[in-house]
Amino acid sequence: MAIAQPPGSSVDPRPASSGLLRRLGNQPVGRLLILPAIIYSVLITQAPFLLTIWYSFQRWNLLRPDRRDTIWFENYRYILTEFGAFREAILRTVTFTAGAVLISLLVGLLYAELVNHRFPGRGVVRTLLITPFLVMPVAAALTWKNLMLNPVYGVVDWVFRTVLPGDPSPNWTGTYPEISVIGVMVWRWAPFMMLILLAGMQSISEEIREAARVDGATPWQEFTGITLPHLYKFMQLGGLLGTVYIVNEVDAIYMLTKGGPGNATTTLPYLVYRTAIEGNNIGRGAALGVIAVILSMVAITILIRALDRMMRGTYADSVAGT
Amino acid sequence: MQTALQERSLTARRPRGFAIRRQRGFSKEGASATWAIAAWVIGLLAFFPVLYMVLTGFKTEQAAVDLPPKLVFEPTFDQYRAIFESDFRPFFVNSAVASVVSTAIVMLLALPAAYGIAIHPTRKAKDVLFFFISTKFLPPAGVIVPLFIIWRDLGLLGSLRGLVILYTAMNLPIAVWMLRSFFEEIPRDVLDAARIDGAGVIRELVEILLPMIAPGVVATMFISIIFAWNEFFFAVSLASAGTTTVPIFMVKFVTSEGLFWARLSAAGTMAILPIVLIGWIAQRQLVRGLSLGAVK
């Protein structure tokens with residue numbers, strides 16, 4: 001769906017408009033080369049979304065197909081006014097995404113600064129730091145849940161017991177489900193932020209650093225005065241992309257807590273899965289899906305604006321250049 | 001390019017330790033040793049869960065829950081034997097097939113599209129690009145319900161074909177953006193020379209440009225394979241009924257044998273191995289794919 005028109009564009013990207021088709025006929029083959037990809041994307045992503053909207057107006061439970069009926073906005077009314085899990089899920093989605101993105105950015109900044117210096121084995125450390133992002137999230141979440149965070153046999157709990165007085169063996173995924181989920185998400189996404197911020201750090205001109213050092217800047221002053229301001233737009237990019245990726249992540253939630261205890265870790269995408277796929281409630285699930293898309297549009301619009309600015313060359317010298 | 005940049009920043013950084021650290025009373029060696037130790041400790045900490053999973057896969061079930069955790073022990077291959085005697089193999093093969101086939105289709109669709117956008121740009125080229133990105137950022141939750149119904153009606157629930165179709169759509173926008181950024185780096189005179197030679201569009205693409213961006217094409221394929229291999233939401237929603245991909249194997253395995261941590265770790269190690277290796281090889285290009293070609 002063309003939810004995200006870049007600002008200032010007035011053209012409709014729909015390939016089906018007859019004017020466009022006629023023009024395409026007169027164009028060089030180059031333009032036709034784009035068509036198959038567009039058609040595929042429209043078929044697999046846009047068309048189902050239209051169906052989501054249609055389903056969202058229906059009372060449709062797969063276990064009671066005889067009661068299927070068009071009820072228009074009843075699903076929305078129910079979700080917005082009576083469905084407690086929805087309000088919780090919105091809150092969870094915002095706190096999880098914001099928490100995971102911000103902490104990932106900070107940890108990623110630390111990672112990037114660490115490997116942006118020369119030391120023996122720098123390449124190896126970089127590779128070690130990237131690895132959590134490559135590991136299949138399902139396998140990673142299982143490792144965290146069992147080997148790391150299990151209250152009896154987990155390594156993390158063992159470290160806590162060994163280091164701290166008393167007998168602190170918190171049942172992480174049971175007692176602190178939110179912290180557990182955000183923690184595993186940060187572990188996975190900090191490397192992503194590191195990669196983007198590292199690219200930013202390496203595009204800082206050495207002349208500027210040199211000049212600062214000649215003026216007697218301490219490493220800390222150099223970091224706060226030169227590195228951080230320069231990294232701002234990279235952090236923006238990382239934060240926005242991270243938001244779009246992380247908000248849809250259900251892997252860690254599914255494996256660590258199954259959305260529980262209760263609804264404590266159920267985000268909006270997971271609530272859609274629970275309602276429609278596990279709960280057979282197609283109509284309500286579809287309405288939740290529509291709401292998820294509408295809410296995402298806000299974040300997406302901001303992202304598209306940023307990327308658009310970048311493509312126009314505002315960032316060209318520092319981001320895409322080098 | 002990236003290496004050249006790093007080279008430069010490395011050589012230019014040397015005076016810093018010299019001038020500043022000494023001024024504050026530290027030796028250059030001391031400061032960089034501290035830095036190295038800190039970096040290694042943090043790197044190993046971040047990597048530890050992966051390392052520990054790999055090690056646990058070589059333990060007996062008894063040793064897997066032993067505390068304090070042992071990093072040196074007598075390895076056993078029993079868990080791997082058990083995994084390969086279970087039905088792990090078809091899931092693994094299916095994951096490979098789904099990743100490779102969907103990536104092949106992605107390249108068939110994305111290469112011409114990226115080439116068209118970058119080399120034969122029209123007024124609409126940018127809108128097309130943003131159309132692709134908007135499909136990537138459509139939340140899967142927004143389409144999963146009708147897909148579930150369509151898949152059910154077409155008999156695709158629990159099938160690998162269904163996942164291949166979706167993984168193609170999922171990776172297509174990333175591939176178009178990434179390949180476009182590689183095409184745009186091709187010097188203009190190369191294109192002009194090709195035109196003067198009278199090369200047609202297809203010949204220009206296949207014979208002249210593709211070889212030039214071959215590393216970029218490989219990197220794009222790697223990114224696509226990584227995302228397809230690790231994908232979970234579509235798999236668990238639409239394909240958990242069948243013998244499909246490795247994440248589904250993991251979910252089923254937890255349900256049936258979740259208490260066997262060593263065996264689970266062996267399965268997990270097999271599950272992550274191909275992608276971790278590919279990711280290590282492609283790590284220089286990773287950031288480009290993840291940022292949709294914006295950061296190089």
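Before reading on, note that the structure itself is shown above.
Because the structure is predicted, anything quoted here is derived from the model rather than measured.

Draft legend 1. View of the overall build of chain B. Check the secondary structure of chain B and you find 15 helices and zero strands. Each of the 296 residues in chain B was classed as buried or not, and the buried ones make up 49%. Counting contacts in chain B only where the partners sit at least 6 residues apart, residues at least 24 apart contribute 78% of the total.

Draft legend 2. Layout of the overall build of chain A. Within chain A one finds 16 helices and two strands. A burial count over chain A gives 46% of its 322 residues as buried. At a minimum sequence separation of 6, the contacts of chain A that also span at least 24 residues come to 68%.

Draft legend 3. Geometry of helix H3 (residues 35–56) of chain A. Residues and elements named next belong to chain A. The first and last C-alpha atoms of H3 sit 30 Å apart over 22 residues, in line with the 32 Å expected at 1.5 Å per residue. Of all bends in H3, the biggest is about 35°, found at Val42. When H3 is considered as a whole, its buried residues turn out to be Ala37, Ile38, Tyr40, Ser41, Thr45, Pro48, Phe49, Thr52, Tyr55 and Ser56.

Draft legend 4. Examining helix H5 (residues 88–119) of chain B more closely. Taking 1.5 Å as the rise per residue, H5(B) with 32 residues should run 46 Å; its terminal C-alpha atoms sit 45 Å apart, in good agreement. Bending of H5(B) peaks at approximately 30° at the position of B:Ala110, with proline B:Pro112 no more than four residues after it.

Draft legend 5. Up close: unusual backbone geometry. Residues and elements named next belong to chain A. The amide bond that connects Gly260 to the next residue, Pro261, takes the cis arrangement and shows omega of -5°. Backbone geometry at Trp72 places phi at a positive 50°, although glycine is not the residue there. Relative to the helices and strands, Trp72 is located in the loop between strand E2 (69–70) and helix H4 (74–81). One non-glycine residue, Lys258, lies in the positive phi region at around 55°. Relative to the helices and strands, Lys258 is located in the loop between helix H13 (251–256) and helix H14 (268–278). According to the C-beta neighbour criterion, Lys258 is partly exposed, with 15 such atoms within 10 Å.

Draft legend 6. Quick look at the packing of helix H7 (residues 137–148) of chain A against helix H14 (residues 261–281) of chain B. Packing of H7(A) against H14(B) brings their axes to within 10 Å, and their N-to-C directions diverge by 155°. By the criterion of interaxial angle, the relationship of H7(A) to H14(B) is roughly antiparallel. Handedness of the H7(A)/H14(B) crossing: left-handed. Here A:Ala139, A:Leu142, A:Thr143, A:Asn146 and A:Leu147 of H7(A) lie close against H14(B), whose contacting residues are B:Trp261, B:Leu264, B:Gly268, B:Ala271 and B:Ile272. Residues of the contact of H7(A) with H14(B), tallied by class, amount to seven nonpolar, three polar and no charged.

Parameters and conventions
Residues numbered from 1 in each chain as written. Chains lettered and ligands numbered in written order. Predicted model: local features only at pLDDT ≥ 70, side-chain atom pairs only at ≥ 80, totals over all residues. Helix = DSSP H or I, 4+ residues; strand = E, 2+ residues; numbered from the N terminus. Buried ≥ 20, exposed ≤ 12 C-beta atoms within 10 Å, placed from the backbone. Contact = placed C-beta atoms within 7 Å. Expected span 1.5 Å × (residues − 1). Bend = angle between axes of the 7 residues up to and from the residue. Axes fitted to C-alpha atoms, helices over the stretch in contact; angles between N-to-C directions. Parallel < 35°, antiparallel > 145°, perpendicular 65-115°, else oblique. Left-handed = near helix turned anticlockwise from the far one by under 90°. Nonpolar A, V, L, I, M, F, W, Y, C, P; charged D, E, K, R; others polar.

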